[in-house]
Amino acid sequence: MRWWDIDPVLELERELFPEDAWSRGMFWSELAHARGPEATRRYLVAELDGRIAGYAGLAASGGVGDVQTIAVARDQWGTGLGSRLLTELLRAATAFECAEVLLECRVDNVRAQKLYERFGFEPIGFRRGYYQPGNVDALVMRLTDPATSLNGVQGTEING
């Protein structure tokens with residue numbers, strides 16, 4: 001993901017997460033940490049027919065990766081795009097030498113939970129009222145040794 005992707009990413013963000021969409025400033029802040037030798041972030045977009053069909057981001061610190069966001073356009077649900085995005089984040093976590101990867105997922109987002117479980121993420125707790133303003137709880141999930149979950153995963157072309 002580059003700065004020029006932020007506006008189309010924001011459109012998709014607002015469509016998919018109308019109550020708790022990230023702001024332009026949040027994306028700019030994340031991208032500021034995604035370049036150079038001191039980078040601690042990896043953000044990417046997936047393009048289809050000249051439009052952004054999905055995006056994802058990971059933060060890494062102290063050997064722990066944190067999936068910040070994954071989003072896939074509704075017309076691409078069920079195509080495997082979410083799996084490809086998550087695969088790229090886990091590759092980034094491996095490159096950042098993360099021993100584990102954490103994420104938060106809305107408790108009512110069963111589709112995403114199933115994706116994460118297929119990759120080996122396990123529930124470890126809840127964050128009450130995490131998603132605001134809807135006051136929706138988050139399920140916290142963890143994957144130990146992200147490199148292991150990549151075994152057998154096919155390559156993919158996603159723009160970083």
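Residues numbered from 1 in each chain as written. Predicted model: local features only at pLDDT ≥ 70, side-chain atom pairs only at ≥ 80, totals over all residues. Heavy atoms only, no water.

By the naming in an unreviewed UniProt entry, the protein is Alanine acetyltransferase, taken from Streptomyces leeuwenhoekii.

1. Focus on the side chain of Arg41
Here is the rule we go by: To qualify as a helix, a DSSP run of H or I must reach at least 4 residues; to qualify as a strand, a run of E must reach at least 2; elements of each kind are numbered from the N terminus. Under the rule applied, a polar contact is a pair of N or O atoms within 3.5 Å (in protein, one hydrogen donor and one hydrogen acceptor; residues adjacent in sequence only if both atoms are side-chain atoms).
Tracing the backbone shows Arg41 in strand β1 (residues 41-48). Separated by 2.8 Å, the side chains of Arg41 and Glu30 make a polar contact.

2. Let's talk about the environment of Arg24
The cut-off we apply is this: Buried, partly exposed and exposed residues are distinguished by accessible area as a fraction of the type maximum, computed with a 1.4 Å probe on protein chains only: under 20%, between the cut-offs, and over 50%, respectively. For this analysis, residues touch if any pair of their heavy atoms sits within 4.5 Å.
Note on placement: Arg24 falls in helix α2 (residues 24-32). With relative accessibility at 40%, the residue Arg24 sits in the partly exposed group. When the C-alpha atoms of Arg24 and Asp7 are compared, they prove to be 7.7 Å apart, with 17 residues separating the residues in sequence. With residues near it in sequence (within four places) discarded, Arg24 still touches Ile6, Asp7 and Leu10.

3. Remarks on the environment of Glu19
Within the secondary structure, Glu19 sits in the loop between α1 (6-16) and α2. It is 7.2 Å that separates the C-alpha atoms of Glu19 and Gln132, two residues lying 113 residues apart in sequence. What Glu19 contacts, discounting residues up to four positions off in sequence, is Gln132, Pro133 and Gly134.

4. Notes on the state of the cysteines
Under the convention used in this document: For the purposes of this analysis, a disulfide is any pair of cysteine sulfur atoms at a distance within 2.5 Å.
Evaluated as defined, the whole model comprises 0 disulfides. Cysteine Cys105 is unpaired, with the sulfur of Cys98 as its nearest cysteine sulfur at 20 Å. A relative accessible area of 3% places Cys105 in the buried class.

5. Points about α1
Note the following rule: This arc is taken over the directions from the axis of the helix to the C-beta atoms.
Every buried residue belonging to α1 is among Ile6, Val9, Leu10, Leu12, Glu13 and Leu16, and all of these are buried. The arc enclosing the buried residues of α1, seen along the axis, measures out at 165°, which places them on a common side. As for α1, its buried residues are in contact with α2, β1, β2 (51-61) and β3 (64-72).

6. Some points on the packing of helix α3 (residues 81-95) against helix α4 (residues 110-118)
Geometrically, a packed helix pair is captured by the angle between its two axes and the distance between the axes. Operational definition: To get an axis, a line is fitted to the C-alpha atoms, and for a helix only the part in contact is used. The angle between two axes follows their N-to-C directions and goes from 0 to 180 degrees. If an angle is under 35 degrees, it is roughly parallel; if it is over 145, roughly antiparallel; if it lies from 65 to 115, roughly perpendicular; otherwise it is oblique. Put simply, a crossing is left-handed when the front helix is turned counterclockwise from the back one by less than a right angle, and right-handed when it is turned clockwise. Under this grouping Gly is polar, as are all residues other than the nonpolar Ala, Val, Leu, Ile, Met, Phe, Trp, Tyr, Cys and Pro and the charged Asp, Glu, Lys and Arg.
The interhelical angle for the contact between α3 and α4, taken along N-to-C directions, is 50°, at an axis separation of 11 Å. With respect to α4, the element α3 is oriented oblique. The crossing of α3 and α4 is right-handed. Residues Gly82, Ser83 and Leu86 of α3 form the contact with α4, whose participating residues are Leu115, Tyr116 and Arg118. Broken down by class, the residue content of the contact of α3 with α4 amounts to 3 nonpolar, 2 polar and 1 charged.

7. Notes on the pairing of strand β5 (residues 122-131)
Cut-off, in case you're wondering: Strands pair, by our definition, only if DSSP identifies at least two bridges between them.
Here 6 bridges tie β5 to strand β6 (residues 136-144), and the two strands are oriented antiparallel to one another. Directly across from Pro123, in β6, lies its bridge partner Met141. The turn joining β5 and β6, which pair antiparallel and follow one another in sequence, is formed by 4 residues; a positive phi near 60° is taken by Asn135.

8. Digging into the environment of Ala99
Tracing the sequence through the fold places Ala99 in the loop between α3 and β4 (100-106). Taking the C-alpha atoms as reference, Ala99 lies 8.7 Å from Leu143; in sequence the two are 44 residues apart. Those residues in contact with Ala99 that lie beyond four places of it in its chain are Gly63, Leu143, Thr144, Asp145 and Pro146.

9. Let's talk about the layout of surface pockets
This is how the line gets drawn: Any residue with an atom within 4 Å of a point lines the site, the site being either a cavity, points on a 1 Å grid over the protein atoms alone where a 1.4 Å probe fits but cannot get out, or a pocket, an open set with protein on both sides within 12 Å along at least 5 of 7 lines. Grid points are joined across faces, edges and corners, and a volume is the space filled by probe spheres set on the points.
For the largest pocket, the calculated volume is near 1100 Å³. If you trace the largest pocket, you find 39 residues lining it, with Phe17, Ile70, Asn109, Ala112 and Tyr116 closest to the centre. Contributing elements (two or more residues each) for the lining of the largest pocket: α1, β3, α3, β4, α4 and β5. Looking at which element gives the most residues to the lining of the largest pocket, the answer is β3, with 7 residues.

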